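Chain residues, written in single-letter form:
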Amino acid sequence: MRRIPFIFYCLTFFCCLCVSSAVMAAQTDLRTVLTDIEKRSQKIITISSDFVQETHLSMFDDTVVSTGHFMFKAKDKLRWEYLTPIEDGFALDGTTGVRWNGTDGTRQPFTLQNDPVMHVVATQLLAWASFDQQWLTKEYDIKITASSPLTFTLTPKSAAARTVMSTITIVFSQHRDSVQRVELHENGQDFTCITFTNTVINGPVPDATFR
Amino acid sequence: MFDIFRRVYTILAPKKFFLLGACAVVVVVCGLLFSRLIVREDIRTMLPDGHTQVASDFELLSNSPFTQRLTITVSHPGGNPLTAARILADALQGTIFPQVVTGPATEISPVILTRLIHTAPGMLTANDIHTLEQKISPTRVHEALAKDFRTLVSPRGMALKKAVSMDPLEIRSMIFPKLAAAARLINVRVENGQFISRDGNHALVLADTDVPMTDSLGAARVMARYQQAVQALPPGATAILAAGHRHTLANAQTIKNDLKIILPASLVLLTLLFFCFLRTRQGLFVFLIPVAVVCIAGVGTSALYGSVSGIVLGFGAVLLGISVDFAVHVFYALRQPDQNPSQVLAEIARPVIFGALTSCAAFAALLLSDIPGIRQLAVFTIFGLLVSLTLSLLVLPHFVTPAPEITGHRKRSKPCRSPFKGGIIVVWAIILGTGLWFGAHTQINGDLRELGYVPADIRSDEQATRTIWGGMREIAIVFAQGTTLEKALEANDRVWNYLHNTEYAQKMVSISPLLPSRKTQTANIARWQTFWERNSNTTLATLAAQGKTFGFSTAAFNPFADLIQSAPQTMTAQTLQVLGAGGLLDMLTARTAGGVFVLTLLPDTPGTRHLFSPETEHTLSARFVSAGRFRIMLGHAMQKDVLAFGTVAFAAIALLTLILFRNFRKTAIALLPVGAGVTAVLAVMHLGGHSLNLFHIVAIPLVMGLGADYGIFMVCRQDAAFHHGTDEAVLFSALSTLAGFGALTLASHPALFSIGLTVLTGITAALIMALGVIPRLQGNRV
């Protein structure tokens, strides 16, 4: 039997060392960045921002562009409001909320217990707004796909969630203090892109906004 | 006739030590067998059996998936109760708790919604199709598409896209209530797949066990396992338990603790009586008789039934304390100085035998009961009384010698004031009048919970559980029965249709809307297909035309076209499993040897109870079972038993007494202690604000039997040519009974206390009547 040269062992060991160091560095880097973002987020009490949403769905002949306003107040208050082309939205305060339809002026209260879809939506929005690292890393495989601007790509861990959404891309502002753009990619060609502008951190946001 | 005892005495007298040896062997053998008896510790023996409604209701309740469930509330101030609940659930999971849940069987996810739409045709009723007809008008289609557009643009759009393309007209809105009807819970919200209280401070853990709630030994195992699991909770977290097993164990422990007080107290009192009344070594034989009797009666009953109930054994042993009375009378008679023992025996045998027969008759009335435990108790007691009678008349006399003259209680009869004329009528009128009045005004309580001891900590934990989660344990269950699941589902559909139009429609939990029977689904699907054969083309055309207004593509609703034009799927138990909702079906079905039951849950109120008459239940092939109705029915069964026991026992005692005396006056006098004893029990019950329960009912024949004994002996003493120490014997008998049973009033456990109170009251009244009133009515001796 031919003997394997000693140099081969050395090379193999060296390669393993390099690969594992790179993996460890990447993990350390991701953890550092996530922790950094989470620390910044912990200082955020309120967020107020305009947004432009582009909805690319095969069910529509054309891209639907909508605009609106988003508000958040730690730790469980949300307001997501469309201003054009529809005037719909919802506000959430804890586990109860209200949905409104600007076309007919109706307001419909809901609870997260009774509206599972709103429960999913609210849980996602709150986790992103407060950058709940524990929840996000539990639900998603997170990768840094660009460092400037900082861009994460999130892939749902749950198979059930992956049937609805394949990936989420989150792009932070240059100063990494707010989210600039979110892309939600579904299976197939459909995706939604939301761009946030005029973001104000820790500005005054009355509680009544969320009722 | 009673001369036979003289001859038997004469025959056995030379062989008395052989007789003693033979008795000792029998008692030792029975003692050994007694220690190996198969003892069943199950409260079920104290519930009616056979084909009574109470019995079948209890059987159904026992088989429902909720009975064996432990409800655990987990709190963790400063921590996360959900995490603590999961830790506890993991620690509990195992052989004793095969199923532990912390969250609902299913959550309504968008994926489930999409799948449910495929099975919608089988679920939609005629009313739903009527609603659907309105949804396909151009105006309503426009409105629906406007809503769909808004939904797709909103953050919810991604989750609901498939549902919208398959169901643009929101047919799913007609399915939500059907799913909610099966998954409705009380005062609970769901967070991260776990049950949590409205205030978010408490999490819920539900642990199912196969150990019957009524099994006290099993309950000890369940509680030990629970206590072990609780140790796994993180520091600061606490758990509150509400479970029947906890009651069972607490009761068993309370009885043990009570016995630690009662037995020494009885022993002290009986020792005092011994020194006051008997004061001889021969007197010890009297006390040995009940010990021998319990062993022999236990073995005899077990031989007859195959096993013996622990409850019967416990109470029976207490009841057989009265078996000492026959020995006492024989002892006192034989201790009289200067008497021929065989002659005395022949004379005393008559009242002793009739006393035993009246006691047996009183207990034989218990054989009429629907409650197997009471029937077994009757057999056990009668067995014991007959053994005691035999030992008292055949064995004991050989070991009792006449006392020296100085210790005798011999008192020659002397003239007495003349009897109180019309006294018997007056006294009986008072007794009957009082007894009937109190009898009519005394309540009977069929609530089994009242028979048990509920410690303060269990009471407060159950109250806390009710406050946090609502009255989730106060539910009524409608059992829809069938030989197969399909047949049971058909019955369940009938129950749903019956209740659907009542005020309880929104409060009931039923699988029927989500999983109708195949028969119902076939009818629903036929209706759906007929509808779309008429309307599919126009509806699709309207959708296409109106959809352009909102920018929908021409292919946007192709899945909907497929849905209404293809053969619909039916919902089955397997489909529910695939949808992840199999837990709902498991929760709402029960299988027994008698068939399959599909359950509907309702609030347990007088209103819901009123909805289910026997005729309605027959029509629906369903049974309404609730703890509230169960209590009422058990109360009625007990009321029936009380009347039957009372009437039959009294009639039998009266007849035997009449046969003995062949004289109405003497019979009426001899029965006075019986009437006085029962009347006093009823009076004390009513005046003390108590209601009669199962254990009072068991104790009343004892009062009647002993009362009859006292009366018979007191009347017989008048006929005897000499004094047999009857007054002392009756006094000693009554005092020993009071010492044994009166001590039970020291018990914390309601069952022991009930028996103690009944006997204390009844025997005291009977004693006063026997020693205080009967001599005055007889008028010739004091």
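You'll find the structure just up there.
To start, this report covers the structure provided alongside it. Throughout this description, residue numbers start from 1 for each chain and increase along the sequence as written. Whichever chain is written first becomes A and whichever ligand is written first becomes 1, with later ones labelled in order. Where totals are concerned, whole chains, interfaces and linings use all residues; where local detail is concerned, this predicted model gives features only for residues with pLDDT of at least 70, and gives and counts side-chain atom pairs only at 80 or more. The basis for every side-chain value is the complete set of non-hydrogen atoms in the structure, without hydrogens or water.

1. Describing the overall build of chain B
Counting its regular elements, chain B contains 32 helices and twelve strands. Relative accessibility decides the category of a residue: with a 1.4 Å probe and only protein chains considered, values under 20% of the type maximum give buried, values over 50% give exposed, and everything between is partly exposed. The burial tally for chain B puts 56% of its 782 residues in the buried class. Across chain B, the fraction of contacts at a sequence separation of at least 24, relative to all contacts at a separation of at least 6, is 83%. Shrake-Rupley sampling with a 1.4 Å probe provides the accessible areas, and residues are treated as covered by the protein chains on show and by no other component. Accessible surface, chain B: about 32500 Å² in total, of which carbon and sulfur atoms supply 63%. Numbering goes from the N terminus for both helices and strands, where a helix is a DSSP run of H or I of at least four residues and a strand is a run of E of at least two. By the convention used here, residues are in contact when the closest approach between their heavy atoms is within 4.5 Å.

2. A short note on the packing of aromatic side chains
In summary, the pairing rule links any two rings of Phe, Tyr or Trp, Trp by its six-membered ring, whose centres are within 6.5 Å, and it sorts them by plane angle into stacked for under 30 degrees, edge-to-face for over 60 and tilted for everything else. Applying the stated criterion across every chain yields a total of 28 aromatic pairs over all chains. Each residue in the set Phe51, Phe70, Trp80, Tyr82 and Phe196 of chain A is aromatic and connected to the rest through ring pairs, giving one cluster.

3. Overview of the sheet that holds strand 12 (residues 622-626) of chain B
All names here are of chain B. Within the open sheet, the four strands sit side by side as 10-11-9-12. Their pairing is antiparallel. The outermost strands of the open sheet, each flanked by one partner alone, are strand 10 (589-592) and strand 12. Going across the sheet, the axis of each strand differs from the next one's by a mean of 30 degrees, ignoring polarity. At least two DSSP bridges between two strands are needed for those strands to be called paired. Note that strand 10 and strand 11 (residues 595-603) share four bridges and pair antiparallel. Counted as the bridge partner of Thr589 is Val598 from strand 11. Every axis in this analysis is a line fitted to C-alpha atoms, fitted for helices over the stretch in contact. Angles between the N-to-C directions lie between 0 and 180 degrees. Lying on the sheet, helix 20 (residues 485-500) is in contact with strand 9 (475-482), strand 10, strand 11 and strand 12; it crosses strand 11 at an angle near 20 degrees.

4. Structural notes on the interface of chain A and chain B
Contacts between chain A and chain B engage 33 residues on the former and 28 residues on the latter. The term buried area denotes the loss of accessible surface (1.4 Å probe radius) that occurs when two parts are joined, taken as the sum for both partners. Of the roughly 2600 Å² buried between chain A and chain B, counting both surfaces, carbon and sulfur atoms make up 66%. Any Lys or Arg side-chain nitrogen located within 4 Å of an Asp or Glu carboxyl oxygen qualifies as a salt bridge. Where chain A meets chain B, there are three salt bridges. The shortest N-O distance in the salt bridge between Lys161 of chain B and Glu186 of chain A comes to 2.6 Å. In the analysis that follows, any N or O atom pair within 3.5 Å is treated as a polar contact, provided that within protein one partner can donate a hydrogen and the other can accept it, and provided that, for residues neighboring in sequence, both atoms belong to side chains. Taken together, the links from chain A to chain B amount to eight residue pairs in polar contact (both at pLDDT 80 or more). Residue assignment for the side of chain A that touches chain B shows that the elements contributing at least two residues are strand 1 (46-56), strand 2 (64-73), strand 3 (77-84), strand 4 (88-93), strand 5 (96-101) and helix 2 (116-129) of chain A. When residues in the side of chain A that touches chain B are grouped by element, the largest group, five residues, is from helix 2 of chain A. Taken together, the residues of the side of chain A that touches chain B sort by class into 17 nonpolar, ten polar and six charged. Each residue is assigned to one of three groups, with Ala, Val, Leu, Ile, Met, Phe, Trp, Tyr, Cys and Pro labelled nonpolar, Asp, Glu, Lys and Arg labelled charged, and all others, Gly among them, labelled polar.

5. Digging into unusual backbone geometry
Residues apart from glycine generally show negative phi values, whereas peptide bonds are mostly found in trans. Cis peptide bonds are those with omega within 30 degrees of zero, and the linkage from Ala74 of chain A to Lys75 of chain A qualifies with 0 degrees. Cis geometry marks the peptide bond from Thr84 of chain A to Pro85 of chain A, where omega comes out at -10 degrees. Along the chain, Pro85 of chain A turns up in the loop between strand 3 and strand 4. Unlike most non-glycine residues, Asn198 of chain A shows phi in positive territory, near 50 degrees. Inspection of the secondary structure assignment puts Asn198 of chain A in strand 11 (residues 191-201). One non-glycine residue, Glu170 of chain B, lies in the positive phi region at around 60 degrees.

6. Quick notes on the packing of helix 14 (residues 324-335) of chain B against helix 31 (residues 726-742) of chain B
Residues and elements named next belong to chain B. One way to put it is that helix 14 packs onto helix 31 with a least axis distance of 9 Å and a crossing angle of 150 degrees. On the basis of the axis angle, helix 14 is roughly antiparallel to helix 31. Note that helix 14 runs across helix 31; the crossing there is right-handed. Contacts between helix 14 and helix 31 involve Val324, Asp325, Val328, His329 and Tyr332 from the former and Glu728, Ala729, Val730, Phe732, Ser733, Ser736 and Thr737 from the latter. Split into classes, the residues belonging to the contact of helix 14 with helix 31 amount to six nonpolar, four polar and two charged. Every angle not falling under 35 degrees, over 145, or within 65 to 115 is termed oblique; those three ranges are roughly parallel, roughly antiparallel and roughly perpendicular. Note on convention: the crossing is left-handed when the near helix lies turned anticlockwise from the far helix by less than a right angle, right-handed when the turn is clockwise.

7. Considering helix 2 (residues 16-35) of chain B
Residue and element names in this part refer to chain B. By this rule the span expected of a helix is its residue count minus one, scaled by 1.5 Å. Here helix 2 contains 20 residues, and its C-alpha end-to-end distance of 28 Å stays within 8% of the 28 Å for a straight helix at 1.5 Å per residue. Within helix 2, burial applies to Leu19, Cys23 and Cys30. Take helix 2 and look down its axis: the buried residues cluster within an arc of 35 degrees, on one side only. Exposed residues lying more than 90 degrees from the buried face of helix 2 are Phe17, Phe18, Val25, Val28 and Ser35. Summarising the contacts, the buried residues of helix 2 are in contact with helix 1 (4-12), helix 12 (283-305) and helix 16 (372-395). Working note: the arc is built from the helix axis to C-beta atom directions.

8. Structural notes on the pattern of salt bridges
Side chains that carry opposite charge are capable of pairing whenever their charged atoms lie near each other. Taken as a whole, this structure holds 20 salt bridges over all chains when the rule is applied. The closest approach of N and O atoms between Arg181 of chain A and Glu183 of chain A, which form a salt bridge, is 3.1 Å. Under the relative-accessibility criterion, Arg181 of chain A is labelled partly exposed at 29%. Between Arg140 of chain B and Glu143 of chain B there is a salt bridge, with its nearest N and O atoms 3.9 Å apart. One end of the pair, Arg140 of chain B, and the other, Glu143 of chain B, are both in helix 7 (residues 138-153), three residues apart, so they sit about a helical turn from each other. One network of salt bridges, with partners in common, ties together Lys147, Asp167, Glu170 and Arg172 of chain B.

9. Comments concerning the nonpolar core
Counting 126 residues, the largest nonpolar core has Val330, Val352, Leu391, Leu393 and Tyr710 of chain B as its most contacted members. A per-element tally of this core places helix 30 (residues 694-719) of chain B first, with 16 residues. Sequence-distant contacts of Leu393 of chain B, that is, excluding residues within four places in its chain, are made with Phe5, Val330, Leu345, Ala349, Val352 and Ile353 of chain B. We define a nonpolar core as any set of buried Ala, Val, Leu, Ile, Met, Phe, Trp, Tyr and Cys residues linked to one another through side-chain atoms lying within 4.5 Å. In terms of nonpolar packing, the next biggest core, distinct from the first, is built from 78 residues, Ile37, Phe90 and Val121 of chain A together with Trp528 of chain B among them.

Such coordinate-based values are descriptive only and should not be taken to indicate function.
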